[in-house]
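Listed below are the residues making up each chain.
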Amino acid sequence: MKVLGISCGRRMSNTEIMVKEALMGAEEAGAEVQFLRLQDYYIKPCTGCNSCVVDLMEKHGGGACVLKNDDFPVIDELIMDCDALILGSPIYEKSPSGQLKSLQDRMGPSHDVGFRMIAQKIREEKGITTGKGPDPRSFKPRTASLIAVGGSEWDTLALPTMGMFALTHQMTVVDQILINWIGLPKVVTFHEDKLARAHRSGKHVVESYNKGVDNAEYIGEEGLCPMCHCKLIEIRNGHDPYPAVCGVCGVRGTLTTDADGKVFFNVKEEDRVHSHLLLSGKFEHLQELADVSLKPPVGYETVNDRAKKYRDYLTPIKPPARDKGEKAEEGEEL
Ligand SMILES: Cc1cc2nc3c(=O)[nH]c(=O)nc-3n(C[C@H](O)[C@H](O)[C@H](O)COP(=O)(O)O)c2cc1C
């Protein structure tokens, strides 16, 4: 069994140390471990061209990205190959690193297991045997642990955003660790309790995988959402009858408070199928995309005429010319 550790933090600093400690735990539990520093990689941001989705859903291919000359394929291969992931990120502006978000955008929705399952089904129904199709390793049951490290308690969007990474790949998150007040380089080595927690997390990711993801126990902080343990619940007043929405898995419910002022997010049993954590919720999302946002309105053939005044309005300010395929060296500005 292979465990991949990804640190999105500084070279040899707190996130990397936590991820490596977790990998030591995973190794102790019998796994083969690998580690990468996302900062060593050059990942171009998604341009939103949707070629990957068109390739997957309409051309019956593997969901290939058209962007070239970066390191995305290397990480794609490592993620497809692993059986479990330990994903660590420093917290920047209450969120994980922007580089991780770039990687996420390059993967979802073309790597979303829901999309890939439908794509595979279409290939089978049409009897298509040529070309690659979605990578069969996408469908492996996998486990994940998420580790966010911050210098304060400005952390609200960190683990939820990282949870979306696991959600895309249908990885079962068996642990989440949030570390606050760790700012100075390598200072986490003074916190034996936090290192022990990371070690346990790595072990647990392997043990849960070995037991089978359906029997996986979640050992992180309980959180509010009964589906994904997220603590970030958004209130959308007007969305009757359920104004409370989980920030990660999108399941809807209501908030209540007990006599001590403790808040609970209540989700009815019958509404859990709509969680985007489950394939049922993902398939619903695909259907609503097809029915609503991807359905051309009447008269769509006139769309370019309608948009003409915006195309002709203002010339965008361009950056200085540079070689777009060039990779910045450490400390160097392109
Ligand atoms: C650009 C930037 C923004 C940051 N924003 C936050 C923040 O919003 N919340 C927080 O808790 N820490 C914040 N920090 C502190 C880092 O999360 C903290 O130093 C962490 O240890 C960095 O991880 P590393 O040691 O693995 O690089 C920020 C640091 C940087 C460089």
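Just so we're clear, the structure is a prediction, and the values are computed from it rather than from any experiment. (Residues numbered from 1 in each chain as written. Predicted model: local features only at pLDDT ≥ 70, side-chain atom pairs only at ≥ 80, totals over all residues.)

Remarks on the overall build of the chain
Thinking step 1. From N to C terminus, the chain includes nine helices and nine strands.
Thinking step 2. Considered along the principal axes of its C-alpha atoms, the chain spans approximately 65 × 55 × 45 Å.
Thinking step 3. Among the 334 residues that make up the chain, the fraction classed as buried is 37%.
Thinking step 4. Considering only intrachain contacts with a sequence separation of at least 6, the fraction spanning at least 24 residues in the chain is 70%. (Helix = DSSP H or I, 4+ residues; strand = E, 2+ residues; numbered from the N terminus. Buried ≥ 20, exposed ≤ 12 C-beta atoms within 10 Å, placed from the backbone. Contact = placed C-beta atoms within 7 Å.)

Overview of the packing of helix α1 (residues 14-28) against helix α7 (residues 192-211)
Relative orientation and spacing of two packed helices are given, respectively, by the angle between their axes and the distance between those axes.
Thinking step 1. Where α1 contacts α7, the axes come no closer than 6 Å and their chain directions differ by 45 degrees. Between α1 and α7, the angle falls in the class oblique. Between α1 and α7 the crossing geometry is right-handed. Of the residues in α7, those in contact with Met 18, Glu 21, Ala 22, Leu 23, Met 24, Gly 25, Ala 26 and Glu 28 of α1 are Leu 195, Ala 198, His 199, Arg 200, Ser 201, Gly 202, Lys 203, Val 205 and Val 206.
Thinking step 2. Classifying every residue of the contact of α1 with α7 by side-chain character gives nine nonpolar, four polar and four charged. (Axes fitted to C-alpha atoms, helices over the stretch in contact; angles between N-to-C directions. Parallel < 35°, antiparallel > 145°, perpendicular 65-115°, else oblique. Left-handed = near helix turned anticlockwise from the far one by under 90°. Nonpolar A, V, L, I, M, F, W, Y, C, P; charged D, E, K, R; others polar.)

Examining helix α4 (residues 98-107)
Think of an α-helix as turning once every 3.6 residues; residues three or four places apart then point the same way.
Thinking step 1. Taken together, the buried positions of α4 are occupied by Leu 100, Lys 101, Leu 103, Arg 106 and Met 107.
Thinking step 2. In this structure, the buried side of α4 is in contact with α3 (72-81), β3 (84-90) and α6 (158-168).

Some remarks on the site of the ligand
Thinking step 1. Lining the immediate environment of the ligand, one finds 19 residues, of which Gly 9, Thr 15, Pro 90, Gly 150 and Gly 151 sit closest.
Thinking step 2. Broken down by element, the shell around the ligand gets its largest block of residues, three residues, from α1.
Thinking step 3. Residues belonging to the shell around the ligand are distributed by class as follows: six nonpolar, eight polar and five charged. (Near = placed C-beta within 6 Å.)

Regarding unusual backbone geometry
Thinking step 1. With an omega of 0 degrees, the peptide bond between Gly 108 and Pro 109 qualifies as cis.
Thinking step 2. Looking at the secondary structure, you find Pro 109 in the loop between α4 and α5 (113-126).
Thinking step 3. One non-glycine residue, His 60, lies in the positive phi region at around 60 degrees.
Thinking step 4. As for its placement among the helices and strands, His 60 is situated in the loop between α2 (51-57) and α3.
Thinking step 5. His 60 gets classed as partly exposed once you count the C-beta atoms within 10 Å, which come to 18.
Thinking step 6. Positive phi values are uncommon outside glycine, yet Trp 181 reaches one of about 60 degrees.

Details of the sheet that holds β3
Thinking step 1. A sheet is described by the order of its strands in space; here five strands give the open sequence β2-β1-β3-β4-β5, paired in parallel fashion. Of all strands in the sheet, those with a lone pairing partner are β2 (32-37) and β5 (171-179), marking the two edges. On average, each strand axis in the sheet is tilted by 15 degrees relative to the strand beside it, whichever way the strands run.
Thinking step 2. Most of the contacts of α6 go to strand β4 (residues 142-149), to which it runs at about 155 degrees, and overall it touches β3, β4 and β5.
Thinking step 3. Here α7 sits on the sheet and contacts β1 (2-7), β3, β4 and β5; the angle it forms with β5, its principal contact strand, is near 180 degrees. (Pairing = 2+ DSSP bridges.)

Some points on the environment of His 229
Thinking step 1. One can find His 229 in the loop between α7 and β6 (233-235).
Thinking step 2. In contact with His 229, other than residues within four places in its own chain, are Gln 176, Tyr 218, Gly 220, Glu 222 and Gly 223.

Remarks on the nonpolar core
Thinking step 1. Of all hydrophobic cores here, the largest spans 67 residues; its most connected members are Val 3, Ile 86, Ile 147 and Cys 249.
Thinking step 2. Two domains each donate at least three residues to this core, and these are domain 1 (2-221) and domain 2 (223-298).
Thinking step 3. Once you skip the residues sitting within four places of it in the chain, Val 3 turns out to touch Leu 23, Ala 26, Ala 31, Val 33, Cys 82, Asp 83, Ala 84, Ile 86, Val 205 and Val 206. (Core = buried A, V, L, I, M, F, W, Y, C linked by C-beta atoms within 7 Å. Domains from an automatic or database assignment.)

Things to note about the pairing of β2
Thinking step 1. As judged from the six bridges shared by β1 and β2, these two strands associate in the parallel manner. Bridge pairing in β2 places Ile 6 opposite Leu 36.
Thinking step 2. Handedness of the crossover joining β1 and β2 through α1: right-handed. (Right-handed = clockwise from strand over helix to strand, strands pointing away.)

A closer look at the domain arrangement of the chain
Thinking step 1. If you check the domain split of the chain, you get domain 1 (2-221) and domain 2 (223-298).
Thinking step 2. Just the C-alpha atoms count here: the centres of domain 1 and domain 2 sit 23 Å apart.
Thinking step 3. The interface of domain 1 with domain 2 comprises 14 residues on the first partner and 14 residues on the second.
Thinking step 4. Mapped onto the side of domain 1 that touches domain 2, the elements with two or more residues apiece are α5 and α6.
Thinking step 5. Its residues assigned to classes, the side of domain 1 that touches domain 2 shows seven nonpolar, five polar and two charged.

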